[in-house]
Amino acid sequence: MHPKNLFIADFTYTLPYEKIAQHLLAQRDQSRMLVYEDGKVTDTAFGDIAEHLPGNSTIIFNDTKVIHARIIFENEHHAAIEVFLLEPAEPFHDMQLAMFQHGACTWRCLVGNAKKWREKKLVKKISIDGRNGLLEVKQAGKAGDDFLIHFSWTPEEISFAKILEATGFVPLPPYIKRTAAGDDEERYQTIYAIQDGSVAAPTAGLHFSNTVFEALEQKNIQRLFVTLHVGAGTFKPVKEMQIRDHPMHAEQMIVHKETLEQLIARLDEPIIAVGTTSCRTLESMYWLGKMILDGAEDFQIAQWAPYEEVMASDEAINTSSITAKQSLMAILQYLQRHKLNQLTASTKLIIAPGYTFKIVDGLITNFHLPNSTLLLLVAAFIGDDWRMVYDYALAHNFRFLSYGDGSLLWSKRSHT
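Residues numbered from 1 in each chain as written. Predicted model: local features only at pLDDT ≥ 70, side-chain atom pairs only at ≥ 80, totals over all residues. Heavy atoms only, no water.

1. Description of the packing of aromatic side chains
- Scanning the entire structure with this criterion turns up 27 aromatic pairs.
- Measuring from ring centre to ring centre gives 5.6 Å for Tyr192 and Phe225, while their planes differ by 55°; the resulting arrangement is tilted. In this pair, Tyr192 sits in the loop between α3 (184-187) and β11 (195-198) while Phe225 sits in strand β12 (residues 222-228), placing the two residues 33 residues apart along the sequence.
- Phe225 sits in the partly exposed class, given a relative accessible area of 25%.
- Measuring from ring centre to ring centre gives 6.0 Å for Tyr390 and Phe400, while their planes differ by 70°; the resulting arrangement is edge-to-face. Remark: Phe400 occurs in the loop between α9 (386-395) and β18 (406-410) and Tyr390 occurs in helix α9; sequence separation between them is 10 residues.
- Here the guanidinium or amino end of Arg32 rests over the ring plane of Phe398, the centre of that ring lying 3.9 Å away.
- Sitting over the face of the ring of Phe73, Lys124 holds its NZ or CZ atom 5.9 Å from the ring centroid. (Phe/Tyr/Trp six-rings, centres within 6.5 Å; stacked < 30°, edge-to-face > 60°. Helix = DSSP H or I, 4+ residues; strand = E, 2+ residues; numbered from the N terminus. Buried < 20%, exposed > 50% of the residue type's maximum accessible area, 1.4 Å probe, protein only. Lys NZ or Arg CZ within 6 Å of the ring centre and 35° of its normal.)

Spelled out as structure tokens, the structure:
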């Protein structure tokens, strides 16, 4: 069956509220880890993950950094109005450029308590590095169900990244029913996060500690980093009956030439993605390389790109004859021709049952919401056994969602 024709009701389960972790454990690597391989499930500690990974394999992390995407303003009657940043709109769509904008910019945002916003603009006093100033916001139109919000500030020479750091709050997921506390500043961030731009953490990476990294090095497990700036769409459940009617939001991905070279050299060994975001980035890279081979230079990967060719029976046949190495080499050669050190693209790729994985052999991930595209990805990766995995996790008191426990899943094509 073509993934468009899947019903989301077939990818749901009952998640009791008490299974949703509200806090991280005292130490990152103290969480539990479920291991799925060859149809079997075992239960271990995340701190022992190196023991479950083949030596000489490659593990891919998403080094995006969560920004302070929630800013609270007050109207003239002191009612709170929340502006939640989604993605930059003007003058730059590129996340890296947008974060270093000075003086003014416009972002696509969600607005909480929007009915109370009747003023032309809202103003907030700010103090950064001992310098006082003002942050002003005004509505600049709509973009679908979202608002276009124009930000302006003084002193103008301060970057937007510093404005957010000083005035915003950690954007904890909506299912964490508490106010962000001081330890969330550190804990809702991976230890390797460096690229500002996400409004949600790549949560599988939250379990990794320096101790775990040392254990990986002892087994000669190579660590590589890509960037996918996670959007608020990661929280969005699929509300439509069929997957075909669910729109994926575009997310920006960045891959450096050196990373690409190392990845190509290691394709014969197992490739393990840390999180669904790293997985989508790697798989998007395959389709990006195919686009380059086909002569395209508009690097926007459409939601249904792998499924465009369908058989008469309407089954997906995303079984391109292009190998992973050929596809990644096409990207590398493009960078070399254009004297670029990194490639920036956007992806709306949806990975659902019917998808054939091109690069990823193993997936480290948390336990996801029912009716979510993240659960669809897991189901695509391990097939119908996703139900067995989730039933086991629920029955054995694993902690779910962003601050919960982790899992290591091996696909049937993995070489372990």
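Structure's up, so let's keep going.
2. A few points about the pattern of salt bridges
- In this structure the tally under the stated criterion is 12 salt bridges.
- Several salt bridges converge on common partners, so that one network encompasses Glu87, Arg108 and Asp146. (Salt bridge = Lys/Arg side-chain N within 4 Å of Asp/Glu carboxyl O.)

3. A few points about the confidence of the model for the chain
- Confidence in the prediction of the chain, expressed as mean pLDDT, is 92, and 95% of residues score 70 or more.
- In this model, residues 310-317 is a region of pLDDT below 50 whose contacts with residues beyond four sequence positions or in other chains number 15 contacts. (pLDDT = per-residue confidence, 0-100. Contact = heavy atoms within 4.5 Å.)

4. Some words on the sheet that holds strand β2 (residues 40-45)
- With mixed pairing, 10 strands are arranged side by side in an open sheet as β2-β1-β18-β17-β14-β3-β12-β13-β16-β15. Only two strands of the sheet have a single partner each, and these edge strands are β2 and β15 (300-301).
- Sheet analysis places strand β17 (residues 362-366) next to β18, joined by 5 bridges and oriented antiparallel. Among the inter-strand pairings, Gly362 is bridged to a residue of β18, identified as Trp410.
- Of the strands in this sheet, β3 (58-62), β12, β13 (251-256), β14 (271-274), β15, β16 (342-347) and β17 are in contact with helix α6 (residues 275-293), which crosses β14 at around 125°. (Pairing = 2+ DSSP bridges. Axes fitted to C-alpha atoms, helices over the stretch in contact; angles between N-to-C directions.)

5. Points about helix α8 (residues 373-382)
- Within α8, 10 of the 10 residues are buried, leaving the element largely enclosed by the surrounding structure.
- For α8, every residue scored as buried is listed here: Thr373, Leu374, Leu375, Leu376, Leu377, Val378, Ala379, Ala380, Phe381 and Ile382.
- Where α8 is buried, its residues meet β1 (32-37), α6, β17, α9 and β18.
- In the segment just after α8, Gly383 is the residue with positive phi, at about 75°.

6. Overview of the pairing of strand β5 (residues 70-74)
- Here β5 shows one buried face, formed by Ile71 and Phe73, and one open face, formed by Arg70, Ile72 and Glu74.
- Here β5 folds back onto strand β6 (residues 80-90), and the loop between the two strands holds 5 residues, one of which, His78, carries a positive phi near 70°.

7. Quick look at the sheet that holds β6
- Within the open sheet, the 6 strands sit side by side as β5-β6-β7-β10-β9-β8. Their pairing is antiparallel. Edge strands, defined here as strands with exactly one partner in the open sheet, are β5 and β8 (122-128). Neighbour-to-neighbour, the strand axes of this sheet turn through a mean angle of 40°, independent of strand direction.
- As paired strands, strand β7 (residues 104-112) and strand β10 (residues 146-154) are joined by 6 bridges and run antiparallel to one another. Paired with Cys105 across the strands is Phe151, a residue of β10.
- Against the sheet, helix α2 (residues 160-167) engages β5, β6, β7, β8, β9 (131-143) and β10, with an angle of about 95° to β8.

8. Topic: helix α4 (residues 210-218)
- Within the sequence span of α4, burial applies to Val212, Phe213 and Leu216. Taken end-on, α4 shows its buried residues confined to a sector of 100°, consistent with a single buried face. The exposed residues of α4 that point more than 90 degrees off its buried face are Asn210, Thr211, Glu217 and Gln218.
- Buried residues along α4 sit against β3 and β12.
- Just past α4, the residue Asn220 takes up positive phi, approximately 60°. (Arc of directions from axis to C-beta.)

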